[in-house]
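Below are the chains, spelled out letter by letter.
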Amino acid sequence: MAHASDSLVAHHFEDIDQQNESAVLGMWLFLAQEILFFGGLFAAYFVYRVKYPDAWAAASSELDIYLGGFNTVVLLVSSFTMAVSVNAAQTGKQQRLMMGMLVTLALGLTFVVVKFFEYKAKWDHGMIPGSGFVYHSTTGDYFAGVNPDQIQLFFCLYFVMTGMHALHMIIGAGLLLWLLALGYNGHFGPHRFMKVELFGFYWHFVDIVWVFLFPMLYLIDRSWMLQG
Amino acid sequence: MSDTTATHDDNGHDHHIVSVKAYGMVISALFFLMFLTVFMAFVDLGSLNPFIALAIAVSKAVLIVLIFMNVWFSTRLTQIFVAGGFFWLLILFGMIIIDFVSRAMVTNPQAWE
Amino acid sequence: MHTIAEAQRSAVFPEVNYLSARHTVASWLFTVDHKRIAMLYLVTISIMFALGGSFAALIRLELLTPAGDLLDSDTYNKVFTLHGVIMIFFFLIPSVPATIGNFLIPLMIGCKDLAFPRINLLSYYLYLLGATFAIIVLVRGGVDTGWTFYTPYSSTYAQTEVFYATMAAFAAGFSSILTGLNFIVTIHKMRAPGMSWFRMPLFVWAHYATSLIQILGTPVVAITLVLLATERIWGVGIFNPNIGGDPVLFQHLFWFYSHPAVYVMILPGMGVISEVITCFSRKRIFGYTFVAFSSLAIAVIGFLVWGHHMYVSGQSVFAGIVFSFITFLVAVPSAIKVFNWTATLYKGEITFEAPMIYAFGFMGLFLVGGLTGILLGSMGADVHFHDTYFVVAHFHYVMVGGMVMAFMCGLHFWWPKMTGRMYNETLGQISGILVFVGFNLTFMPQFLVGYLGMPRRYHVYSEEWQMLNVMSTLGATILGLGYILPAIYFPWSLFKGAPAGDNPWDAKGLEWETTSPPPTFNFDEENMPVVTEEAYAYVIERNTLGAR
Amino acid sequence: MFENYLMPESASTIAPRVDALIWVLTGMSAFFFFAVVAALAFLAIKYRKGSDANRDLAHPDNDALEITWTVLPTILAVVMFVVSTAIFLQYRQIPEGASEIYVTGKQWMWKLQHPSGKREINSLHVPVGVPIKLTMTSEDVLHSFFVPAFRVKQDVLPGRYTTLWFEATKPGTYHLFCTEYCGTDHSRMIGSVTVLEQADYQRWLESDDSVMASNLTPGEALYAKHGCVTCHDGGDAARGPMLAGKYGTEETLNSGETIIIDDEYIRESIYNPQAKLVAGYAPLMPVFKNLINEEELFLLIEHIKSMEDTEASN
Ligand code: HEA
Ligand code: HEA
Ligand code: CUA
Ligand SMILES: [Cu+2]
């Protein structure tokens, strides 16, 4: 197996397997690092959620569940298309690979754009943490009496968490562009797909972060919506 | 690399290629779980809600990690590091939360006996 | 066995080696050779050490008198902050791993380079970026939060360059993560044939454990610093007590990394000591597996004790008890190491070259540092000791007495391998002794003054403590001299030193089987090493045995 | 007074215990230190190169030895942990009936306030032989209250109360330091604690009385000024719960939980009344966050507590 692709092996590696396994391990170590990186944010989130459960539920209800849900769908699908791209790269289906990555890119950008509009809506409502922060409840008196300061705290975390996540999406989109350029020049083949595969890991990881962010930020308690 | 549905042998030589069909099944499951979690948010189960939401999110993450990210078919070494990464997250959460849930004992020393 | 002198007489400086490979500046700045990157690091961290040392000199000068008359308060606060930040993030954390470790790990396990040579270079440049931020902080007037950056002082009240300081630590942190990542992959995947886990030098084990901490701990402090930086820019953030933010949360997140980080600062040093003690006792290490696993144990248990920095911070009593208990336990693997090193001497054939002098120095000083760590881990005692000079003395004993000693030890041991030249042995021994004496004189009085109650980060202090502070400053002067000596004889040896020969110490280990300095790809490429024996297979030749 | 270079002044009930702990731990450390150093020196000399020691060695490793020196230190460590923790818990067990002093840390001074309403800055007078409880908070950054002679220390945090207690055993004047770095004049955020004999303390209390001049205590004055009295006097027009006699008792919230009315809770009730509503009451109480500072808060709490006495005597 190694014979077919000796020229692809860097000088300091013995063979392609050693090189590939090193790359996979390295990527996973990088992702372990990413897990802990986001972990710091989640830890802060949990601490305050334990301390201020009511404010957390109230603030969560101010987020747009439709846009959030839409973005969840977008990201899940993009993960799927990325997985398909990896499969295409492994099996040498050049065209499907390119299409897959293009669609993934498009979905990724859609996510970021929707996120931008969500941010903008918060901006328009003065719900940006800072001296001008105001909390106009849209939940009637379901959450009456929560402390607006704690709502602001929630929004601090909301912006940092989703901002960090969006930053990862944007970096991912940049990397995808680069992969697309490589693919366009015929860089990938059934013996040469590690870059696509490793990028896939990264993309899925960013997806996982959202899988947690969505329920934790948007869905804490929505029962008020049913009460009209 | 073979382009058949290769399996992985003990030396971890072959690259396991997951079929598009399998990916399709995973994405369907993910959609189902997503709707489930949204649905559950509308049902008021008191202190159970957060645990349900987390359990669903964890299941989704596990699916993505195992299939989309190929960990199910990876070498034992990779699996250990993946598990290790998430385990460390639990250490971070666990030890911090210990402090915050037992705080009352400090501000209210009488509670400490 | 041949003596050093013999080895050198027969030695010739190899024509082809990584230093002579190419001479252009670009060939250094864009190198992906782990050995050259190690040398780049060595030069840079030495500069940072001198910088941090100058700040230490200022601190000690200021503390000569109780009145606080040399520096004004703000300046003093900036001085100790920069001293701490530079020494920790820009000197001690990269010290052994990024220089000696970077250089030796591929050699020790018998491969041509680290798994990701370009990432290694990237990590160097990230470090440099961080160092640049640190210099920007300095130029723009400094930062005064203490190296611990506690909120809400750092986030809201400080008037200084906190933002750049966080960026400095952030960049240095990612440099450290990438180094760790590279080591782990290399150690897993690139070992030479026959190099099984239990044949690896303990230096490699120690770096493996260190790398785990770097990967799993550093990102948490990184995100914490990001949160701090956004809070500074935005003016409001999650640590802000006015909106319900909890200042203690910052401390948890900070120490989640920064306690394990102290093991990043000691484990590689312990690895060095394992190599040196065996070589100069000419014996296999006593209890190889115990020493190897104790590194992992330190790394893992070390993650569970961070709250011992927070006994009086307002964290819950219960949490304090849990953290204290585990703190006592983390002493055990360190104990195992110390005992095994000692037992290694038993029935050895011991010589006292400069590296060995440093190794002995390490043992004595680390013991004091570690054991006083136990006093601090005790909650009853720490209530009194916390944030006094007792803590300052403790951590200088482990960091300077431990790690800096070990770093110097390793540098003396592998200098011939890295540069192909011998330094002046006598000067080496003298500097080792000077450092040891000066160090004790500097920091021993600080235990006392701390017990008497002198708080740290004070430049105005109560008069009854002046005598002890004067002693400390005196010691620091001797200590500084001890460090300046190597700063002279090492560079000197580069030009005038005798060629070292492949193996001047007659030591075991793959790194000694190639030329000094090694060729670009470490070994003769036609003849990559194959390992057939356990580590430290030293034999004491029978004819040196006594008549009994 | 401070001639001693080895032992700090020892002037509280807990100080000798802490010292004993420190010396026991130091003894234990010294034992390990000297044992290892002696072994090192002995072996290094005996087996130096060229010595004629016997170097025949059958087994390079020895598992029994390894296990011994793993298990023994572990046991010792656990013993040390238990002893240390026991002493620490004494720091946390505030004796019944301790007399309470409020402390506010602020860049860069200590403001202290006695139950009588008497206030001091950077100096604290306490009677000998009486347990004193400090309830502390900060107006800005972290500080830490440290009296070396008492061996006590506790960080002071904005937005929260922390407590500390001690019982002085020896009249005299002792250092008071801020040990949590707090900015420019951290090293000047110092003061003194003066321990007085009971009688002297009484005299001191009664001396000077700017504060005691009016017949209202400062807390009472604030209570009136902010109109607390209008809602909380238990009269017909009162819209809030009766506060007299409530301190330390249990309160049922409208969420169904019960809670002890303590300092922290009162603070929250005043700064953020909506957070925990008393069962049966509407969220009517105004937010006093920007109207009442931390020091005044202490005065109010003190007053609410003292109302307990009135109630009892009625
Ligand atoms: C290289 C760095 C390094 C190392 C290795 C250590 C090692 C240890 N440290 Fe230290 N520490 C620091 C660097 C380090 N520390 C720094 C920088 C700070 C201050 C940070 C700041 O606030 O600015 C600090 C502060 C610090 C504190 C907080 C003090 C305070 O602020 O109040 C505590 C408390 O528990 C502590 C404990 C320990 C312990 C238990 C160990 C143990 O790992 C030591 C283990 C070793 C031994 C015990 C010796 C060998 C063992 C034997 C001979 C066996 C017999 C002994 C027993 C069984 C008990 N350290
Ligand atoms: C790696 C870590 C490291 C190292 C090596 C040192 C080294 C030294 N440190 Fe430092 N120190 C810290 C880490 C370190 N320190 C930390 C983390 C803090 C806490 C900061 C905080 O509170 O936030 C601290 C705080 C600290 C304090 C307490 C300040 C206070 O709380 O008010 C003091 C006081 O004596 C001190 C002294 C010294 C001395 C005398 C040395 C000596 O060992 C230094 C000797 C070295 C030299 C003198 C330089 C050598 C000379 C050359 C290389 C030649 C070239 C030199 C020139 C051209 C000048 N240090
Ligand atoms: Cu207040 Cu230091
Ligand atoms: Cu620590």
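Residues numbered from 1 in each chain as written. Chains lettered and ligands numbered in written order. Predicted model: local features only at pLDDT ≥ 70, side-chain atom pairs only at ≥ 80, totals over all residues. Heavy atoms only, no water.

1. Considering the overall build of chain C
Okay, so step 1: From N to C terminus, chain C includes 17 helices and zero strands.
Okay, so step 2: Scaling as 2.2 N^0.38, a compact globule of 548 residues should have a C-alpha radius of gyration of about 24 Å, and chain C matches this with 23 Å.
Okay, so step 3: Structurally, chain C occupies a C-alpha span of about 70 × 55 × 45 Å along its principal axes.
Okay, so step 4: Burial status across chain C gives 72% buried among its 548 residues.
Okay, so step 5: Looking at chain C alone, contacts between residues at least 24 apart form 84% of all its contacts between residues at least 6 apart. (Helix = DSSP H or I, 4+ residues; strand = E, 2+ residues; numbered from the N terminus. Rg over C-alpha atoms; globule rule 2.2 N^0.38 Å. Buried < 20%, exposed > 50% of the residue type's maximum accessible area, 1.4 Å probe, protein only. Contact = heavy atoms within 4.5 Å.)

2. A few points about the interface of chain C and chain A
Okay, so step 1: Every contact between the two is made by 38 residues of chain C and, on the other side, 34 residues of chain A.
Okay, so step 2: Summed over the three residues of chain C that lose the most area to chain A, namely Lys189(C), Ile223(C) and Ile243(C), the buried surface amounts to 20% of that side.
Okay, so step 3: In this assembly, chain C and chain A are joined by two salt bridges.
Okay, so step 4: For the salt bridge of Lys51(A) with Asp246(C), the shortest nitrogen-to-oxygen distance reads 2.7 Å.
Okay, so step 5: The tally of links from chain C across to chain A stands at nine residue pairs in polar contact (both at pLDDT 80 or more).
Okay, so step 6: No other element matches helix α8 (residues 202-234) of chain C, which puts nine residues into the side of chain C that touches chain A.
Okay, so step 7: Classifying every residue of the side of chain C that touches chain A by side-chain character gives 28 nonpolar, five polar and five charged. (Buried area = accessible area lost by both parts, 1.4 Å probe. Salt bridge = Lys/Arg side-chain N within 4 Å of Asp/Glu carboxyl O. Polar contact = N/O pair within 3.5 Å; in protein donor to acceptor, adjacent residues only side chain to side chain. Nonpolar A, V, L, I, M, F, W, Y, C, P; charged D, E, K, R; others polar.)

3. So, helix α6 (residues 194-218) of chain A
Okay, so step 1: Helix length check: α6(A), at 25 residues, gives a terminal C-alpha distance of 36 Å against a target of 36 Å (1.5 Å per residue), a fit within 8%.
Okay, so step 2: Burial analysis of α6(A) places 24 of its 25 residues in the buried class, the great majority of the element. (Expected span 1.5 Å × (residues − 1).)

4. A look at the site of ligand 1
Okay, so step 1: In the vicinity of ligand 1 lie 32 residues, with Tyr263(C), Asp382(C), His386(C), His394(C) and Arg456(C) positioned nearest.
Okay, so step 2: Lying at an intersection of chains, ligand 1 is approached by residues of chains C and D.
Okay, so step 3: Within the side chain of Trp147(C), one N or O atom sits 2.8 Å away from an oxygen atom of ligand 1.
Okay, so step 4: A distance of 2.9 Å is found between a nitrogen atom of ligand 1 and a side-chain nitrogen or oxygen belonging to His394(C).
Okay, so step 5: Secondary-structure elements contributing two or more residues to the shell around ligand 1 are α9 (247-264), α12 (317-345), α13 (354-377) and α15 (389-419) of chain C together with α2 (63-92) of chain D.
Okay, so step 6: Ranked by residue count, the leading element in the shell around ligand 1 is α13(C), at eight residues.
Okay, so step 7: Along the lines of polarity and charge, the residues of the shell around ligand 1 split into 21 nonpolar, nine polar and two charged. (Near = heavy atom within 4 Å.)

5. Some thoughts on the sheet that holds strand β8 (residues 162-167) of chain D
Residue and element names in this part refer to chain D.
Okay, so step 1: The strand order across the open sheet formed by five strands is β3-β2-β1-β5-β8, and the pairing between neighbours is mixed. Strands with a single pairing partner mark the edges of an open sheet, and in this sheet they are β3 (119-121) and β8. Across the sheet, the mean angle from the axis of one strand to that of its neighbour is 25 degrees, orientation sign disregarded.
Okay, so step 2: Where strand β5 (residues 131-138) lies against β8, six bridges are found, and the strand directions are antiparallel. Counterpart to Lys 133 in the pairing with β8 is Trp 165. (Pairing = 2+ DSSP bridges. Axes fitted to C-alpha atoms, helices over the stretch in contact; angles between N-to-C directions.)

6. Looking at the coordination of the iron atom of ligand 2
All names here are of chain C.
Okay, so step 1: The coordination sphere of the iron atom of ligand 2 contains the protein donors His 83 (NE2) and His 396 (NE2), at a distance range of 2.0 Å.
Okay, so step 2: One way to put it: the six donor atoms around the iron atom of ligand 2 meet at angles of 86 to 179 degrees, and that makes the site octahedral. Note that His 83 is positioned in helix α4 (residues 73-109) and His 396 in helix α15, a separation of 313 residues in sequence. When sorted by exposure, His 83 lands in the same class as His 396, which is buried. (Donors = N, O, S within 2.8 Å, 3.2 Å for Na, K, Ca; no water. Tetrahedral: all angles 85-135°; square planar, octahedral: opposite > 155°, others 65-115°.)

7. Digging into the site of ligand 2
Residues and elements named next belong to chain C.
Okay, so step 1: Around ligand 2, a shell composed of 34 residues is seen, among which Arg 60, Tyr 76, His 83, His 396 and Arg 457 lie nearest.
Okay, so step 2: At 2.5 Å, a side-chain N or O of Tyr 76 approaches an oxygen atom of ligand 2.
Okay, so step 3: The contact in question runs from an oxygen atom of ligand 2 to an N or O atom on the backbone of Arg 457, over 2.7 Å.
Okay, so step 4: Only α3 (34-62), α4, α15, α16 (425-452) and α17 (466-496) provide two or more residues apiece to the shell around ligand 2.
Okay, so step 5: Each residue belonging to the shell around ligand 2 can be placed in one class, and the counts come to 22 nonpolar, nine polar and three charged.

In short, the description is geometric, and any link to function would need to be established separately.
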